[in-house]
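Structure at a glance
Each chain is listed here by its residues.
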Amino acid sequence: MLSTNSTKTKEMFIVRALEKILADKDIRRSHHSQLKKSCDSALEQIKAELISAGQIAEGNELPCAALPLPKNDAASIINAETYFLPFELACKSRSPRIVVTALDCLQKLIAYGHLTGSIQDSANPGHLLIDRIVVTIYGCFSGPQTDEGVQLQIIKALLTVVTSQHVEIHEFTLLQAVRTCYDIYLSSKNLVNQTTARATLTQMLNVIFARMENQVYEMPPPPNPINGSIHSEDCNGSTGGGSSDETSADPDEVIASELLAEIITAAYNEAMKDVESGGEGEPAANGNESSHSDHDSVELHSENDAVVTAKFTHILQKDAFLVFRALCKLSMKPLPEGHPDPKSHELRSKVLSLHLLLLILQNAGPVFRSNEMFIMAIKQYLCVALSNNGVSLVPEVFELSLSIFVALLSNFKVHLKRQIEVFFKEIFLNILEANSSSFEHKWMVIQALTRICADAQSVVDIYVNYDCDFSAANLFERLVNDLSKIAQGRQALELGANPIQEKSMRIRGLECLVSILKCMVEWSKDLYVNPNMPAPALQVQSPTATDHDQADTTIQTTHSGSSHSLNSNQEQFQDLPEALEERKMRKEVMETGIELFNRKPQKGVQFLQEKQLLGSTCQDIARWLHEDERLDKTVIGNYLGENDEHSKEVMCAYIDAFDFRQLEVVAALRILLEEFRLPGEAQKIDRLMEKFASRYCECNPQNQLFQSADTVYVLAFSIIMLTTDLHSPQVKHKMTKEQYIKMNRGISDSKADLPEEYLSSIYDEIAEHEIKMKNNSGMLQQPKPTGKQAFITEKRRKLLWNMEMEVISLTATNLMQSVSHVKSPFTSAKHLEHVRPMFKMAWTPFLAAFSVGLQDCDDPEIATLCLDGIRCAIRIACIFHMSLERDAYVQALARFTLLNANSPINEMKAKNIDTIKTLIMVAHTDGNYLGSSWLDIVKCISQLELAQLIGTGVRPQFLSGAQTTLKDSLNPSVKEHIGETSSQSVVVAVDRIFTGSMRLDGDAIVDFVKALCQVSVDELQQQQPRMFSLQKIVEISYYNMERIRLQWSRIWQVLGEHFNTVGCNNNEEIAFFALDSLRQLSMKFMEKGEFSNFRFQKDFLRPFEHIMKKNASPAIRDMVVRCIAQMVNSQAHNIRSGWKNIFSIFHLAAGDHEEPIVELAFQTTGKIIGDLYQRQFAIMVDSFQDAVKCLSEFATARFPDTSMESIRLVRTCAQCVHEAPQLFAEHAGMENDASVAEEDRVWVRGWFPMLFSLSCVVNRCKLDVRTRALTVLFEIVKTYGESFKPNWWKDLFNVIFRIFDNMKLPEHVTEKSEWMTTTCNHALYAIIDVFTQYFDVLGHLLLEELFAQLHWCVQQSNEQLARSGTNCLENLVISNGFKFNESTWDKTCQCILDIFNATLPQELLSWRPKAHSSNSQPQEHNHFEALHIRCVVQLELIQTVDNIVFFPATSRKEDAETLAQAAADLTGGRNGSQSQLLDCQREEQGMYGYLRTRQLLTLADCLMQSHRFAKRFNADQEQRSLLWRAGFKGSVKPNLLKQETSSLACVLRIFFKMYGDENRRSDWPGIEKELVQVCKEALGYYLSLQSEAHRDAWTSLLLLILTRLLKMSDARFATHVSNYYSLLCEMMCFDLKPELRSVLRRVFMRIGPVFNIMSAK
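Residues numbered from 1 in each chain as written. Predicted model: local features only at pLDDT ≥ 70, side-chain atom pairs only at ≥ 80, totals over all residues. Heavy atoms only, no water.

1. A word on the overall build of the protein chain
This is how it is decided: Under the scheme used here, helices are H or I runs from DSSP no shorter than 4 residues and strands are E runs no shorter than 2 residues, and both carry numbers assigned from the N terminus. Residue burial is assigned from relative accessible area. The probe radius is 1.4 Å, only protein chains are included, and a residue is buried under 20% of its type maximum, exposed over 50%, and partly exposed in between. The contact rule is simple, with two residues in contact once any of their heavy atoms fall within 4.5 Å. Only the protein chains shown count as covering a residue, and every accessible area follows the Shrake-Rupley method with a 1.4 Å probe.
Along the backbone of the protein chain there are 72 helices and zero strands. For the protein chain, the proportion of its 1657 residues judged to be buried stands at 54%. Here the analysis covers contacts within the protein chain between residues at least 6 apart in sequence; of these, 74% occur between residues at least 24 apart. Surface accessibility of the protein chain: about 72800 Å² in total, with carbon and sulfur atoms responsible for 53%.

Pasting the structure below:
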C-alpha cells in the first residue's frame, strides 16, 4: 500500500475510515451493531479484492481491478455501492465522531473523483445513487443541537458535491444541499461554522450559475442530458485512472479542496475577530428552527416542476432557477412586529437571502439576463420582495434591497420598466420627499442614487423611458428636483440629523447631481470638440454606445447589459430623439390638462380636447377618468355628480364601464367607490346611486332578491349612510344592527322585506371593513409641518415615519404585484441628442443647487462639487448650443468669482479663487462654444488683473466703488486669497486663454474678440482708464494672423471697429498706443502680401483712415501719416488693395491745417507717383482713381507750392495711363465696374477720373492754381486725345462744359466776373483748339453742344466773355469750315441766327425809367451794362459773319482800297486792275465758297434785321435822349451807328459777291431783286438823314454801293441805275465828301453811254 498510484488512494481512504469507525468506542453500543457488521464486511471485501489483485498483478503494484472507475465493469459498480453502505449507516449513527469520520471520507472520495454515484439507486428506483449520498450527508444535520464538528463536515461535503466536476446533482437534491447550508448558517451557534456556511453558500451559487452560463458555450448536449453527463464524467474518470502520477488528479479537485481550506481558514479568522471585538453571544437556539427550515424547504419545490422544466433548454438552467426562486421566497418572509432582534432567525434569514440574491444579480451572465423564466421570477418574486424590504426599518435589509435594486437597474432594466418606476416613485422618491423620513433611510437612498447616477446609460434610459413615456411618471425630473433640494440643504429641518450628517447629505446630493451631469457630458462627448486637442482620439474615456455604426449587440451589452432583450425590434423605432421630444411635449400638455382638471374639471376636459389628447365623446372622457391615475379622486366625484347634461352623460358612461356581474351589492359598491371620492352633496350622491342601481340590475338580471332598481338604489344609499355612521369620528352615537335593519324595512317592491340575515351580514361587513378609496401614492404625502408643529419630538417623528413606511410598503407591494405580469417595452437609449431635452428640462434645479452651494458654504468639498457641476452644465449647454442656459451658468460662475465690478473683493475666499480657476478652465476647454458668454469671462479676466494689482500692493485708485479697500486694511486670509490671484498657475492659465485663441474655430474667435473689445471699451471709459484688454487685443491679433483670410476678415471687422473707437479716444496716450499697435500689426500683416482682387489689406488699414478722419488731435494725425509713410517706404512691394486706404488717408491729410502733416503726406504721395508708378504701376492700378482724387485734394490745399506740384504730378499720371492702357482692361470686376466694357475701362478708371479731378481743381481753386490746372487738363487732352473714343469725348466735354455751368460759378459779382474773364475765356479758346485738332471725331459728336455753349457765353453779362464767344465761333468756323457738310453749315447758320436774336437789344426801344427807389440805381446800372454788352455782341457778331464769309480783315482792306481809289480818282490816278486781282486772291480764304445761297441769304436776312433795328433806334431821338439822361453809354447820346452801317455793309458785300458769282447764276434773278431792294432802302435812308455826322458815317457804305455799281456790266448797271436814279440825283443836294462826290461823278458819267444819252468815249 506504499505505492503512489492514484488507484490506491481510494482504498487508503476507505480502509482508514472504516478502521477509524471500528476503533471508535461508541461502535460497541448495541444500536450500532448493523454499522459494525457492514464495516467489517466492507474491510474483508477490500482485503479479498487486494489478494485477488495481488495474484494477478506483477511486482508489488496494486491491481487496477481494485478501482471501481473503469466503465462497463460490473464488479466495480457493485463494489461502489457496497462501500457506500457502511458510510450511510455511520452517518445515521448519532455518534458525532463516527459521523465526522464517515463524512470526511465521503467528501474525499467525491473530491478525488472516486465516488461519482452516477448509477441507479437500488433502494430508490428512478433516482441516482448520488442523490442518496447527498440525502445521507444532509441527513446528518438535525437542527441546532447537531455537533459543531459534524456541521462543519456537512458543509465541506456538500460544497464538494456541488462544486465537484465528477458528480452531478440536480433539482431537488441540489436545492436540499443549498438549504442545508442555509439552515446550518441560521442554526449553528459556532461563529466559524456560520461564516463557513455563508461562504460555502456563496461558492455554491457561484458554481451553479457559472455552470449554467458556461453550458451555452459548450457543445450542445445530447437529447438525454443526464446520461450524457454521466458518460462524460466516466471518461474523465478513466483518463484520470490511467495516469501514473499521483498529482494527476483533476486540477478541479485540487482547487476544490484548496477552496475549502481557504473558506474555513477565512471563516475561522473572521469569527475570531468578531469574538475579540465583543461579538460573542451565540444565536439563540429556536426550538422551532427545524420546523422553520422544513417550512422553507416545502416552498422550495412547491411549483409544478414539470411546467418549469418545459421552459428551460438545459437542466442546469432549471437548477439555477429553482435556487433563485427559493431565495426570492425566503427573502419575502415577513419579520415579526416591532423592531426585530438582530440575532433572530427571521432577520438573519432575510439578510442572508438578500445577500445571496445580490451576489447572483451582480454576477448575472447573458443567459440569466435574458431567460424568460428568470425574468419572470424577478418580476413575480424578487421585485415584490424588494418592494416589501425596500421600506424596511432594519437598515441592513433596507440597504441590501437598495443594492439589489441598483443591480437590477444595471442588468435587467430592459425587462423591468414598470417595476423600476414603482420602486423609484413609491420608495426612492417618497423617502427623499417625505418630511418625517429618518436620516438613515435618506442617506441609504442617496447612496444608492449615487451609484445609479454614475451610469450614463441608466441616467439617459430613465429619462427616455419614463419622462418621455405618456403613461409613466417623470422620474428624471422628480429625481433631479429632489436631489437639488437636498443639495441646497432644504431638508435640514426634516431630517432631525446633526450638522455633520446634514453636510454629508448635502455633499451626497451634490455628488449625485454632478454625477448626472457627468453622465450627460460622457453621453454626448462625441459632439464635443476640444480646441486644445489635436484630434479627439486622444480623449480616453470609457466607451459608450454613442457610435451608431456599432452592431446592435455591442450597444446592448455595453449599455443595457442584455444582448437578447425582449423588445429589441421596438427599440430601433422608439429611440428617435425627435419622436421622443414630441412625445414629451404631448405629455407636458397632458400634465397641464390634468392639473387644470384637478382645479376646474370642465376646463381641464375642454383644454385636453382642444389639444386633441382626449376624445370628444362621453365614453372617451369616462375611459380617461377610469384609466388616468393622476386625477384627483375628489374632483372626479364632484365632476360626475354635476347636474348639467354633459356631466350626467359622462357619469352614465363612467358607471357603465363597471362590470358588477355575480357581485353582492356591497362588493359592487366597494368597486365603484374605490375609484373616486363620493361628493358631499346629497343631490350628487343621489344621482350617482340612481345610476349605480340601474347598472347593477342590468348586470344581474337573474337576482331574485331585488325586484327593481329602486330597491338597490335605497339599499346603496343606506349602505353609504351606515359607512359614514360607523366610521366617522364626528358621529358620537353609532347605529346598532337592529336600527339598521329597521331602517331598511319596506324598501323592497315585493311584499316581503329584504331578509334580516342579509341586512345583518351587510352591517357586519361594513362594521369590519369601511368602504374607502384605493390607496394612491399621491395621497401618502403628509402635510408639511408648519409653525410650531415643526418642532415635533423625535419620538413622535419616528412613530409617524413607521406609519408612513407601512403605507409606502403596502402601496409599493400592491403596485409591484399588479405590474408583475405586465410587459412594457423598454427603450435602450443610443442617440446623443437625448441629452439636450434632458438638460433643457433640468437645468434650473441644477443651477439652483450649485448657486446655493457656492453662496452658502465655504466648505472646499462642496465648492469643488458645485464648480464641477457648473463646468459640466456649461459643457452640455455648449455642445447643444443652448445659449440661454449657457449664459445663465457662465454668469453664475462669473458672479462667484467676486471679480465683477460691484462685488466686495475684500470678502475673497478660497472658493472664489477656485471659481476663478474654473472659469478660466471653461474658457480654455469650451471656448469654441461660448458665444456671447465670452463677455462675462473676459470681464472677469479684466477684473482679475485689477485684483492682481491689489494683491501685489499697487495703489487701489484703479478700483471702482466697493473695491476701494487698501491692501493693508484687508485681513490676512483675504490678503492671501487676493494674492493667489497672481499665482503662477492663474497667470499661466489666463495667458493660455489668449495664446489658445488661435485654436478656436472661426465663429468662436469672433465672439471672443467681440467680448474683448467690449470689455476694452469699458476699461477705457473708467475714470482711471486701463489698457489691459487693449494689450490683449493686440496679442491675440498677432496669434491669429495666420488664420485663413476668411476668418481673419471677420475678426478684423470687429477689431477694426474697436481700433477706430480707441484711436479716437480723447486721451492721447491711449490713442497713441492704439495707433502704434495698429502700425505694428499692419506691418506684420503687410509682410504676408496679398493676391490681386482681394481686399484684406483694405479692411486692415481702414482704422487709420477712420482715426485720420475723426481724431482732431494734430499729434495723432501726424502719427497716422508717419505710420503710413513708413509702411509705404518699407512695404510698398507687398501692398495691394491697401493703396486705396493709403491715398484716402493722404487725401484726408491734404485738407489739414498743419503744414508739416500736409507736407509729409505730399512727399510720400509724390514718391508713390514719381517713383513707384514707374516701377510697379501694374499692381497699383486699382487705386489709381484714389491717387488722382488725393492729388486733386492736394491741389486745393491751403499751401500753393503743394498745389502747383500736385498738378504737375497729374501729368505724370497721364503718362502712366497712356503707357499702360491694357492694365485697366485686365483688372476686371473691381468695385462696381464689372458692367463696363473692356475697351472702356481705361477711360472709366484711368483718363476720366484724372481729367475730372483736374476739372474739379479748376472749379475749386484760386486763379493761379486753376489756370495751371486748366492748362494741364487741355494739355493732356491735346497730347493723348488721339486714343480717345467717341463716347469718351462725350464724357469729357460734359465735364469741361461744367466750367461754364451757371450753378457752379461763384456768387460774388467781382469773383464771377474775374472767373468769366479768365477761366471761362481761357477754357473757351482751349476748347476750340481741341475741336480744331480733333474735329474729325468731335464735329459730328459735339458741335451742337459747343454751339449751345457759345450761345451761352455771348449771353453772359461779361463783355470779355461775350466777345470771346463770338471770336471763338469765328475761329471754329474759319478753322474747320472747309470740313463742314451742308447740315453742319445749317446748324452753324442757325446758331448765328439764334445768337443774333438773343442779343438784339430790343429793350433800348421800350425802356422807361422806374419810380425812384433806394436800390433802383445799381439795378439800372446792371441793366444798362447788360444792354451795352448786347450791343457790343451784335457788333462783334456782324464782324464775325463778315470774317467767316470773307475771311478776317478782307472787308476792311477792301474799304480802305475803295476809299483810296476814290481819292486817286480825285487826283486822277491808278486804274482798278490791281484791286480786281486782290479780289481774286481773297476769295480763296473766306468760307463764302462753302456756303449755299440759302444759307447766305439767311445770314443776310439776320444782318438786315440788325441793321433795321439800329436804324429804328438811331431815328428815335426822344428815346435816345431818355437813355442818355438815365446814364446809358456815357457822355454822348447813345447811338447804334456802327451796327447800322457795318451790318448793311456786310449784307451788301454778300449780295454783290453772289451777284458776281458764276456758280450761283441760277440764283441771280432773286439776288438782283433783293439787292435792288436793299440799295434802294439804303439810299433812301441816307437821304432822310438830318445829322452831318450821321451822313459822314455812311460815306463808306455809299462808296461801296457806287463802286460796285461801276464794276457791273452795262446791262446790270442799267437795271440798277434805273432804280436809283432819282435818289442819286437827290444826293447832289448834300454837301458830300470829296471821295464820294468823285465816285458819284463817275456813276453819272457812265449813265450817259449806257443809256445812249451820250456816246462813249
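2. Side note on the nonpolar core
Using the following cut-off: The term nonpolar core refers to a set of buried residues drawn from Ala, Val, Leu, Ile, Met, Phe, Trp, Tyr and Cys, joined through side-chain atoms within 4.5 Å.
Of all hydrophobic cores here, the largest spans 398 residues; its most connected members are Phe324, Phe368, Phe424, Phe428, Tyr1173, Trp1247 and Trp1289. Of the residues forming this core, the biggest block, 13 residues, is contributed by helix H38 (residues 860–879). Apart from residues lying up to four places away in sequence, phenylalanine 324 is in contact with Phe209, Leu357, Ile360, Leu361, Phe368, Phe374, Ala377, Ile378 and Leu382.

3. Let's talk about the pattern of salt bridges
Rule in force here: Salt bridge, as used here, is a side-chain nitrogen of Lys or Arg placed within 4 Å of a carboxyl oxygen of Asp or Glu.
By the definition in use, this model includes 35 salt bridges. In this structure, the salt-bridge partner of aspartate 859 is lysine 503, at a minimum N-O distance of 2.5 Å. Placement of aspartate 859 in the loop between helix H37 (835–856) and H38 and of lysine 503 in helix H23 (residues 499–523) is noted, with a sequence separation of 356 residues between them. The exposure class assigned to lysine 503 is partly exposed, which follows from its relative accessible area of 36%. A salt bridge links aspartate 1003 to arginine 1050; the shortest N-O distance between them is 2.9 Å. Taken together, the positions of aspartate 1003 in helix H44 (residues 1002–1021) and arginine 1050 in helix H46 (residues 1045–1063) put the pair 47 residues apart, joining distant regions of the chain. Owing to a relative accessible area of 34%, arginine 1050 belongs among the partly exposed residues under this scheme. Beyond isolated ion pairs, a larger network of salt bridges with shared partners links Lys518, Asp868 and Arg871.

4. Regarding helix H56 (residues 1263–1280)
Cut-off, in case you're wondering: For a helix, the expected span equals 1.5 Å multiplied by the number of residues minus one.
Compared with an ideal rise of 1.5 Å per residue, which puts 18 residues at 26 Å, H56 spans 25 Å between its outermost C-alpha atoms and is within 8% of the ideal. Turning to H56, its buried residues number three or more, namely Val1265, Arg1266, Ala1269, Leu1270, Val1272, Leu1273, Phe1274, Ile1276, Val1277 and Tyr1280.

5. So, the confidence of the model for the protein chain
Selection criterion: Values of pLDDT, which run from 0 to 100, indicate the predictor's confidence residue by residue.
For the protein chain, the mean per-residue pLDDT works out to 74, and 73% of the residues sit at or above 70. pLDDT under 50 marks residues 1–6. Its contacts with residues more than four places away, or in other chains, come to nine contacts. The model gives residues 275–307 a pLDDT under 50, and that stretch makes 47 contacts with residues more than four places away or in other chains.

6. Considerations on the packing of aromatic side chains
Worth spelling out the cut-off: Centre distance within 6.5 Å is the pairing criterion for rings of Phe, Tyr and Trp, where only the six-membered ring of Trp is used; planes under 30 degrees apart are then read as stacked, over 60 as edge-to-face, and the remainder as tilted.
Counting across every chain of the model gives 39 aromatic pairs. Relative to phenylalanine 423, the ring of phenylalanine 405 lies with its centre 4.1 Å away and its plane at 10°, an arrangement referred to as stacked. Of the two residues, phenylalanine 405 sits in helix H17 (residues 395–412) while phenylalanine 423 sits in helix H18 (residues 417–433), which places them 18 residues apart along the sequence. In terms of burial, phenylalanine 405 and phenylalanine 423 fall into one category: buried. With a centroid separation of 5.3 Å and an interplanar angle of 70°, the aromatic rings of phenylalanine 660 and phenylalanine 692 are classed as edge-to-face. With phenylalanine 660 in the loop between helix H30 (645–656) and helix H31 (665–674) and phenylalanine 692 in helix H32 (residues 682–699), this pair connects stretches of sequence that are 32 residues apart. As far as burial versus exposure is concerned, phenylalanine 660 and phenylalanine 692 are alike and both buried. Put simply, the rings of Trp1243, Trp1247, Phe1248, Phe1252, Tyr1280, Phe1284, Trp1288, Trp1289, Phe1293 and Tyr1334 touch in pairs and so form one group of aromatic residues.

7. Looking at the packing of helix H39 (residues 883–895) against helix H40 (residues 910–925)
Selection rule: Angles run from 0 to 180 degrees between N-to-C directions of axes, and those axes are lines fitted to C-alpha atoms, restricted for helices to the stretch in contact. Here the nonpolar group is Ala, Val, Leu, Ile, Met, Phe, Trp, Tyr, Cys and Pro; Asp, Glu, Lys and Arg are the charged ones; every other residue, Gly included, is treated as polar.
One way to put it is that H39 packs onto H40 with a least axis distance of 9 Å and a crossing angle of 145°. Residue-level inspection shows Val890, Leu893 and Ala894 of H39 in contact with H40, the latter providing Thr915, Thr918, Leu919 and Val922. In terms of residue class, the contact of H39 with H40 is made up of five nonpolar, two polar and no charged.

8. Some words on a nonpolar patch on the surface
We count it as follows: The residues that make up patches have over 30% relative accessible area and no salt bridge, and they are joined within 9 Å when like-charged or within 5 Å when they are Val, Leu, Ile, Met, Phe, Trp or Tyr.
There is a patch of nonpolar side chains on the surface, built from Phe1651, Ile1653 and Met1654 and spanning about 300 Å² of accessible area. Positionally, phenylalanine 1651 belongs in the segment after helix H72 (1634–1650). What makes phenylalanine 1651 partly exposed here is its relative accessible area of 36%.

9. Focus on the packing of helix H29 (residues 633–641) against H32
Geometrically, a packed helix pair is captured by the angle between its two axes and the distance between the axes. Worth spelling out the cut-off: Note on angle classes: values under 35 degrees are labelled roughly parallel, values over 145 roughly antiparallel, values of 65 to 115 roughly perpendicular, and the remainder oblique.
Across the interface, H29 lies against H32 with an axial gap of 9 Å and an inter-helix angle of 80°. Taken together, the axis directions place H29 and H32 in an arrangement best described as roughly perpendicular. Packed against H29, whose contacting residues are Gly637, Asn638, Leu640 and Gly641, the element H32 presents Lys684, Arg687 and Leu688 at the interface. Looking at the contact of H29 with H32 residue by residue, the class counts come to two nonpolar, three polar and two charged.

10. A few points about unusual backbone geometry
For glutamine 662, which is not a glycine, the phi torsion comes out positive at approximately 60°. Within the secondary structure layout, glutamine 662 lies in the loop between H30 and H31. Although it is not a glycine, histidine 881 adopts a positive phi angle of roughly 55°. Looking at the element boundaries, histidine 881 is found in the loop between H38 and H39.

11. Points about the environment of serine 1357
If you trace the backbone, serine 1357 turns up in the loop between helix H59 (1335–1355) and helix H60 (1359–1376). Along the primary structure serine 1357 and arginine 1430 are separated by 73 residues, whereas in three dimensions their C-alpha atoms are 8.5 Å apart.

12. Topic: the environment of aspartate 1329
Checked against the element boundaries, aspartate 1329 lands in helix H58 (residues 1309–1333). By relative accessible area, aspartate 1329 is classed as partly exposed at 41%.

13. Focus on the side chain of asparagine 1141
Mapped onto the secondary structure, asparagine 1141 falls in helix H50 (residues 1138–1150). For asparagine 1141, the contacting residues outside a window of four places in its chain are Gln1097, Lys1098, Leu1101, Arg1102 and Glu1105.

14. Description of the state of the cysteines
Where we set the bar: Cysteine sulfurs are considered disulfide-paired once they come within 2.5 Å of each other.
Within this structure, the stated rule accounts for zero disulfides. Cysteine 1389 supplies the cysteine sulfur nearest to cysteine 1502, a cysteine that is in no disulfide, at a spacing of 8.4 Å. According to the relative accessible area criterion, cysteine 1502 is buried, its value standing at 2%.

15. Some words on helix H71 (residues 1610–1627)
What counts, and what does not: The seven residues ending at a residue and the seven starting there each receive a fitted axis; the angle between those axes is the bend at that residue.
With 18 residues, H71 extends just 22 Å between its outermost C-alpha atoms, more than 12% less than the 26 Å of an ideal straight helix rising 1.5 Å per residue. Bending of H71 peaks at approximately 60° at the position of tyrosine 1620. Those residues of H71 not exposed but buried are Arg1612, Phe1613, Ala1614, His1616, Val1617, Tyr1620, Leu1623, Leu1624 and Met1627.

16. Some thoughts on the environment of asparagine 1259
Within the element layout of this structure, asparagine 1259 appears in helix H55 (residues 1241–1260). Considering only alpha carbons, one finds asparagine 1259 and phenylalanine 1300, 41 residues apart in sequence, at a separation of 9.6 Å.

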